[in-house]
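Fold and contact review
Residue-level listing of the chains:
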Number of protein chains: 2
Amino acid sequence: MTDSSLSRLFNPQGIAIVGASSTPGKIGAMPVRLLLQHGYGGRIIPVNPRADAIAGLPALPGLDALDADVDLAILAVPAAHAAQALERARPGQVGAAVVFTSGFSETGAQGTAQQERLCAIARERGIRLLGPNCLGFMNVRRNVYATFSPAPANGIVAAGGIGMVSQSGAFGAYAYSMARERGLGLSHWISTGNEADIDVADCIEWLACDADTRVIMAYMEGCRDGAKLRRALAAARAAGKPVVVTKIGRTQAGAQAAASHTAALAGDDAVYDALFRQYGALRARTIEEFFNLGYALDTWKRPPQGRRLGIFTISGGVGALMADEAEDTGLALPEPAAEAQARLLERVPFASGRNPVDVTGQAVSEPGLLLATADDMLADGRYDALAVFLAAAGSSEALWPTFEAFARQMQARHPDVPLAISALFPPARRRELEQLGCLVFTDPSAAIRTIGAVAGLAAHTGSDVVDDAPTMPAAHTPPLLDAYNEVQAMALLRQAGLPASPCTLAADVDAAVCAVAELAATNGDAAPVVLKVVSPDITHKSDVGGVKLNIRGEAAVRQAYADIMAAVRQHRPDARIDGVLVAPMAPKGVECIAGVHCDPVFGPVVMFGLGGVFVEVLKDVSFRLAPFGRDEALAMIREIKGYALLQGARGAPPCDVDALADALAALSRFAHARRADFSSVEINPLLALPEGKGVVALDAVVIRGEGAAQTV
Amino acid sequence: MTDSSLSRLFNPQGIAIVGASSTPGKIGAMPVRLLLQHGYGGRIIPVNPRADAIAGLPALPGLDALDADVDLAILAVPAAHAAQALERARPGQVGAAVVFTSGFSETGAQGTAQQERLCAIARERGIRLLGPNCLGFMNVRRNVYATFSPAPANGIVAAGGIGMVSQSGAFGAYAYSMARERGLGLSHWISTGNEADIDVADCIEWLACDADTRVIMAYMEGCRDGAKLRRALAAARAAGKPVVVTKIGRTQAGAQAAASHTAALAGDDAVYDALFRQYGALRARTIEEFFNLGYALDTWKRPPQGRRLGIFTISGGVGALMADEAEDTGLALPEPAAEAQARLLERVPFASGRNPVDVTGQAVSEPGLLLATADDMLADGRYDALAVFLAAAGSSEALWPTFEAFARQMQARHPDVPLAISALFPPARRRELEQLGCLVFTDPSAAIRTIGAVAGLAAHTGSDVVDDAPTMPAAHTPPLLDAYNEVQAMALLRQAGLPASPCTLAADVDAAVCAVAELAATNGDAAPVVLKVVSPDITHKSDVGGVKLNIRGEAAVRQAYADIMAAVRQHRPDARIDGVLVAPMAPKGVECIAGVHCDPVFGPVVMFGLGGVFVEVLKDVSFRLAPFGRDEALAMIREIKGYALLQGARGAPPCDVDALADALAALSRFAHARRADFSSVEINPLLALPEGKGVVALDAVVIRGEGAAQTV
């Protein structure tokens, strides 16, 4: 599984620094100094034609002077010399190169050409490339400082289980400093810069296999290879390593800024959002959230296994504030067992035994009260996590033994209930609690939000992604048409396993009568039908008199047919007419819309929403990358704000949400399997019928792919 | 304006401590020790019948032994003795009492009775009461420590311009500690506890007049006197003192928790939310937001005067992250002048001159670059605030002189553009920048969110509230009916200045014909009408055949009348029938709903929303307390998520939003002026017509107040 060329890069036995310098402040001086200072265990080889020795180490004039293979070369020379310097390496001799130098693709066409030349040289010599225009990387556990970031100079981070990768050097340096301030331990810190070869996805995939890494934190601005990123996120999930990701460009303003920064479109953010949801990566909107999530996943041995939260407080008011946040974040607040509540009220008559459980300020004067009450609360396994608020009492050294004993005992007695404490502890005390495995937050709401975010992880088991499951062997695929009218589109969807309304194209009036008779044989004589003109030239059929509803009996069919033809010929004498579509009248249901479009990076993406104002005014839609299974489809349906309408709002019966999910999953399999043939599908309306009655597609538009669909 | 009895309380010249103790840890020992330790300048009089002296001060046996008037008595005795102790004061002798003691109304009926007795005794003696069951208060500038909170023992806060008041002692103590940690300066810190007399609103109103206070931060759980709270918020606004408020119970879970904590309903949170919006109080959802807002308002001499934000960064990626947050929070990001952009690109060819302006890491090597670029950017007054991100460079002591000079010069040259810097400065450096008037945030998104929140303040001028403006002199009010049918309801609204559809009640067929003729005279002969049965017993008129649409001409009117009567008699032979309503057919427009209900604390509240799924499924409504003017009505309209529909979504023309606002303002004036007479109004639909065509109320239900409406 592990990419050994990346292992050579990130865990090098020897490092050559091209452009090494002994002048402090020069970018070629930084890695030499850091490697020496922090006791890197491998060989350090300065390369500089104008020096015999750097920092006491003998220097070589160029990579061609190496006497043995070296895993890593750091390039700290101007852009004009970088390719030349690399060119001097013999094929197979250098495993990987980190290129600090800027002045490549980020500067325009000339720089892009230079970058391509650098890549070609590296490829020819079998050298993997990190950068150019990057701050390099650090392997914190093995003291590999292949970086010129000034961040370690202000203090180094602890070694730990977080693998951190950032496309942006500035973000990366800030994140490094934040990790240090917050006491998070890193396994690796990587900046990818221009990503000429190795990108964030490569790093995520490698970290997923790295034994030192338990949690992956990634910052990205865009992605050029969607399939690789999916593979990387799938690998992390398969390895049970949570991924926290920040991607810029959530909004129009942000996307514009990102585009002007990366000189490339950041891509459709909604698709990234779908991707992260689908693969269980936690998307952080802010740097603070990024760290709160990384902190929780790193500190807790395992995240909460469900969404049942206990709130335990010495302030009723702040308990309510926390309950507000819990509801916002979708956490449930079940009550403790009646016995536990009664026991608390015996101990403290003015306490509140429900959830939030408020033991009141009494906890400060009775040392045993906290533990006894929390013990009772957790006795019967009804909570997946516990959030505790200790108010200002956390700052009191006199009370520290009480709180320390509480945290220690809770961890020992209830190891399956992750614990987050909110209080103002002095930094040293905070670290002690963290070492016990507790989270500590100053802001109780941040504690709740963080629990809400990581509690979602347990639900993502990964069983739902069906990446390599085309529904239909190629041999059974009917021959492709150049274009599909709505009847053909519906037939195509029916073949794909979607419940499309049984419509028929009737080329003349007798065929229409015949089609109606056939429908009557299935649906019963009394069932009315609809007739619609079918023409590649007419989009808005009603506007030209091309639709007749509620037709019953042969005479009425003939009359309707004649009326339609007359009206259409009058309004649009030039229109080509394929005939009329004959279909049963739609039953009562909730109108939904399902669609597929082809994202240039990620391939086919399925969209779901409710009809009418929901899609058109409120943009209330959800997305998932094809293909996916029923569980993911259910998540996608529940995600929209108008979901209540499917649950039976306004006195209507609840809709058949399971059938709707099956239809979306089928659509996603079709979109994936036929991604080379079709660039878009829109089913509008997709009618959701009452529970047990299924769904039915009433109309569809299918657009052939014109080379747009890539094999993803 | 200032309540002098509260001034005596919060700025006492002498303090008697009843229950004073020399045993450390006792609640009666705390204030004595704190007052002495921090050098309170007034007289300190311990009261304790069992001691001659406390902490070196002579003690009195009871308040009756006082030789002179005293402004403040602190009661630190058990609940059973509190009333007794106060009873010993002679009328007029003690100005106010702070009652620490718990065991009053928070404990049930017996405690409530005790609390009432305490109040009566205080009232008889002209003593204002803070508490009981509170942590007391501090006047930080004058070293008044009338508290037993342990928070000051861990370090005292700086004196400053923030007046802080909290209903909850635990929240208050935590907030005190947070203020200390974040370096915020307080004028007063007040906890109100059970609020037997003085409540949070009293304190806000007093702080609004207090010369030492510039910003008010309030935490509340509920409010019993809505009019007082409105008056307090209005006073703060009139004094130009921003109010930051946290109120628990935003969600159902939070409201439940709050109710079980305060043993009283927290009230309808949507109404509080409306109140805060209306009076320009900034509502904070979390403790962190509470402090970010207080911090910004305290540090900046004046908040941004508009919503145009400049983002200035050394990292393009984080700039985009900040742009994302700016769009979320509704800040605009105008581009700098073309000249400023060109000048930056001359200096740093790979920079980005648009907004976010990214000077790149080059800023670190060129000390003058930051200032020169920011100067250019702000030269022509197109920004209301500037947010700067300096990445990890903030931790560098070598770069400190550059950053310090930048901040100092920016403040000097652009005093009207408040500056927020995001970086990881060491605490001492952060404080230096704050003393220059800059905000400093670790999280750049928090900086943007905070700017977004406080930038709203400038828009709230207070000119819009028309508290004392009943529309109609009592003399002109027509006599009240016991109940109103829809025709009478519409007439009532028409009198109130609302554009109600001109409907008439016709008692028989001839009257109906006559009414149609009258309408024809106004609307033109060809305009069709609608006929609806009017009966106090029939709600769903269509279900009983009681509605006929699109009627033209006398014959059709007679036929429709006869059909309606026949159908209604068949379906509901027992129904009382008042006649038929005759109205013009409704024009095309967007269906809205406007309503009024009477909140038990705040009086009449106006609701606005769009018809259909918007109200019924999405609960997409906004509220305001009556009465209000057009600007507030416009804000209320823009607040709903479906606002796009009124702007002309889906190819429809934009609606007459101004007329809609006028109608809501008129409704609010009616609701306020007639609050004693009517308990609820619902106008459904209120039809918004295309721009310039106004709005029209098509149907209304008005419910008489049955003693429910209070005079607010």
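Rules and cut-offs
- Residues numbered from 1 in each chain as written.
- Chains lettered and ligands numbered in written order.
- Predicted model: local features only at pLDDT ≥ 70, side-chain atom pairs only at ≥ 80, totals over all residues.
- Heavy atoms only, no water.
- UniProt positions renumbered as here; feature names shortened; annotations may be inferred.
- Axes fitted to C-alpha atoms, helices over the stretch in contact; angles between N-to-C directions.
- Helix = DSSP H or I, 4+ residues; strand = E, 2+ residues; numbered from the N terminus.
- Parallel < 35°, antiparallel > 145°, perpendicular 65-115°, else oblique.
- Left-handed = near helix turned anticlockwise from the far one by under 90°.
- Contact = heavy atoms within 4.5 Å.
- Phe/Tyr/Trp six-rings, centres within 6.5 Å; stacked < 30°, edge-to-face > 60°.
- Buried < 20%, exposed > 50% of the residue type's maximum accessible area, 1.4 Å probe, protein only.
- Lys NZ or Arg CZ within 6 Å of the ring centre and 35° of its normal.
- Nonpolar A, V, L, I, M, F, W, Y, C, P; charged D, E, K, R; others polar.
- Pairing = 2+ DSSP bridges.
- Expected span 1.5 Å × (residues − 1).
- Polar contact = N/O pair within 3.5 Å; in protein donor to acceptor, adjacent residues only side chain to side chain.
- Least-squares fit on C-alpha atoms with pLDDT ≥ 70 in both.
- Salt bridge = Lys/Arg side-chain N within 4 Å of Asp/Glu carboxyl O.
- Buried area = accessible area lost by both parts, 1.4 Å probe.

You'll find chain A entered in an unreviewed UniProt entry as CoA-binding protein, with Alcaligenes xylosoxydans xylosoxydans given as the organism. Here is the UniProt Sequence similarities (unreviewed entry) comment for chain A, exactly as written: "In the N-terminal section; belongs to the acetate CoA ligase alpha subunit family."

Let us look at the packing of helix 11 (residues 316-328) of chain A against helix 17 (residues 444-455) of chain A. Residue and element names in this part refer to chain A. It is the contact of helix 11 with helix 17, at a shortest axis distance of 9 Å, that shows an interaxial angle of 30°. With respect to helix 17, the element helix 11 is oriented roughly parallel. As helix 11 packs across helix 17, the resulting crossing turns out to be right-handed. Along its contact with helix 11, which presents V318, M322, E325 and A326, the element helix 17 presents P444, S445, I448 and R449.

Time to look at the packing of aromatic side chains. All chains considered together, the criterion is met by 32 aromatic pairs over all chains. Ring centres of A:F403 and A:F425 lie 6.2 Å apart, and the angle between their planes is 80°; this geometry places the pair in the edge-to-face category. Residue A:F403 is located in helix 15 (residues 400-413), and its partner A:F425 is located in the loop between strand 18 (419-422) and helix 16 (427-435); the two are separated by 22 residues in the primary sequence. By relative accessible area, which is 4% here, A:F403 ends up buried. By relative accessible area, A:F425 is classed as buried at 9%. With centroids separated by 5.9 Å and ring planes inclined at 80°, the aromatic side chains of B:W400 and B:F425 adopt a geometry described as edge-to-face. Note that B:W400 is positioned in helix 15 (residues 400-413) and B:F425 in the loop between strand 18 (419-422) and helix 16 (427-435), a separation of 25 residues in sequence. The class of B:W400 is buried, set by a relative accessible area of 7%. The positively charged end of A:R182 is found above the aromatic ring belonging to A:Y295, 5.2 Å away from the centroid. In this structure, A:K247 is placed above the aromatic ring of A:Y272, and the distance from its NZ or CZ to the ring centre is 4.5 Å.

For the rest of this paragraph, the subject is the packing of helix 12 (residues 338-347) of chain A against helix 14 (residues 369-378) of chain A. Residues and elements named next belong to chain A. Running from N to C, helix 12 and helix 14 cross one another at 160°; their axes reach a closest spacing of 9 Å. Relative to helix 14, the element helix 12 is oriented roughly antiparallel. When the axes of helix 12 and helix 14 are compared, the crossing they make is left-handed. Here A340, R343, L344 and R347 of helix 12 come into contact with helix 14, specifically with L369, A372, T373, D376 and M377. Grouping the amino acids of the contact of helix 12 with helix 14 by side-chain chemistry returns five nonpolar, one polar and three charged.

Further remarks concern the sheet that holds strand 7 (residues 128-130) of chain A. Residue and element names in this part refer to chain A. One open sheet holds the five strands; their spatial order is 2-1-5-6-7, and the pairing between them is parallel. Where the open sheet ends on each side, the last strands, each with one partner, are strand 2 (43-47) and strand 7. Recorded for the sheet is a direction-independent mean angle of 20° between the axes of neighbouring strands. Judged from the three bridges that link them, strand 6 (residues 94-99) and strand 7 form a sheet pairing that is parallel. Bridging across to strand 7, A96 finds its partner in R128.

Residues and elements named next belong to chain A. In a regular helix each residue adds 1.5 Å, so 13 residues correspond to 18 Å; helix 7 (residues 226-238) covers 18 Å between its end C-alpha atoms and thus fits that length. Residues of helix 7 that are buried: G226, K228, L229, R230, A232, L233, A235, A236 and R237. Tucked inside the fold, the buried residues of helix 7 contact helix 6 (200-209), strand 12 (215-220), strand 13 (243-247), helix 9 (269-278) and strand 26 (621-625). By the N-cap criterion, in which a side-chain oxygen at the helix start approaches the backbone nitrogen of a residue two or three places on, helix 7 is capped by D225, the distance to A227 being 3.3 Å. Directly beyond the C-terminal end of helix 7, a positive phi value near 70° is found at G240.

A few words on the relation of the copies chain A and chain B. Take chain A, turn it by 180°, move it 0.1 Å along the axis, and it overlays chain B with an RMSD of 0.1 Å. On the angle and the small slide along the axis, the relation comes out as a two-fold axis. Measuring from the rotation axis to each C-alpha of chain A, the shortest distance belongs to A:V613, at 4.4 Å. Here 100% of the contact residues of chain A are again contact residues in chain B; the copies associate through an equivalent surface.

As a further point, take the pattern of salt bridges. Residue and element names in this part refer to chain B. If you walk through the whole model with that rule in mind, you get 87 salt bridges over all chains. Across the salt bridge formed by R558 and D510, the nearest N and O atoms sit 3.1 Å from each other. A residue pair is termed long-range when its members are at least 10 positions apart, and R558 in helix 20 (residues 554-571) and D510 in helix 19 (residues 509-523) qualify at 48 residues. On the accessibility criterion, D510 (47% relative accessible area) is partly exposed.

Residue and element names in this part refer to chain A. Locating E195 in the fold gives a position in the loop between strand 11 (185-191) and helix 6. A distance of 3.1 Å separates a polar side-chain atom of E195 from the backbone nitrogen of V200. For E195, the residues in contact, after removing those within four places along its chain, are G131, Q167, V200 and R224.

Residue and element names in this part refer to chain A. Between A626 and the following residue, P627, the backbone shows a cis peptide bond with an omega angle of -5°. With respect to the helices and strands, the residue P627 is situated in the loop between strand 26 and helix 22 (630-638). Phi is positive for E195, close to 55°, though the residue is something other than glycine. Phi at N550 takes a positive value of approximately 60°, unusual for a residue other than glycine. Within the secondary structure layout, N550 lies in strand 22 (residues 547-551).

With that settled, the discussion passes to the pairing of strand 27 (residues 678-688) of chain A. All names here are of chain A. Burial of strand 27 is extensive: eight of the 11 residues sit out of reach of the surface. By the bridge criterion, seven bridges tie strand 24 (residues 590-599) to strand 27 in an arrangement that is antiparallel. Residue pairing for strand 27: A594 is matched across the bridge by I683. As paired strands, strand 27 and strand 28 (residues 695-697) are joined by three bridges and run antiparallel to one another. Paired with L686 across the two strands is A697, which belongs to strand 28. The hairpin formed by strand 27 and strand 28 contains six residues between the paired strands, and G692 there has a positive phi angle of roughly 85°.

Another point: the interface of chain A and chain B. On the side of chain B, 73 residues touch chain A, which itself brings 73 residues to the contact. Summed over both partners, the interface of chain A with chain B comes to about 5,400 Å²; 64% of that surface belongs to carbon and sulfur atoms. Across the chain A-chain B interface, the total number found is six salt bridges. A salt bridge links A:D328 to B:R285, with the nearest nitrogen and oxygen atoms 2.7 Å apart. Counting across the chain A and chain B interface gives 16 residue pairs in polar contact (both at pLDDT 80 or more). Within the residue set of the side of chain A that touches chain B, elements represented by two or more residues are helix 5 (169-182), helix 8 (252-262), helix 10 (287-299), helix 11, helix 17, helix 21 (613-616) and helix 23 (643-646) of chain A. Per-element tally for the side of chain A that touches chain B: the top contributor is helix 11 of chain A, with 10 residues.

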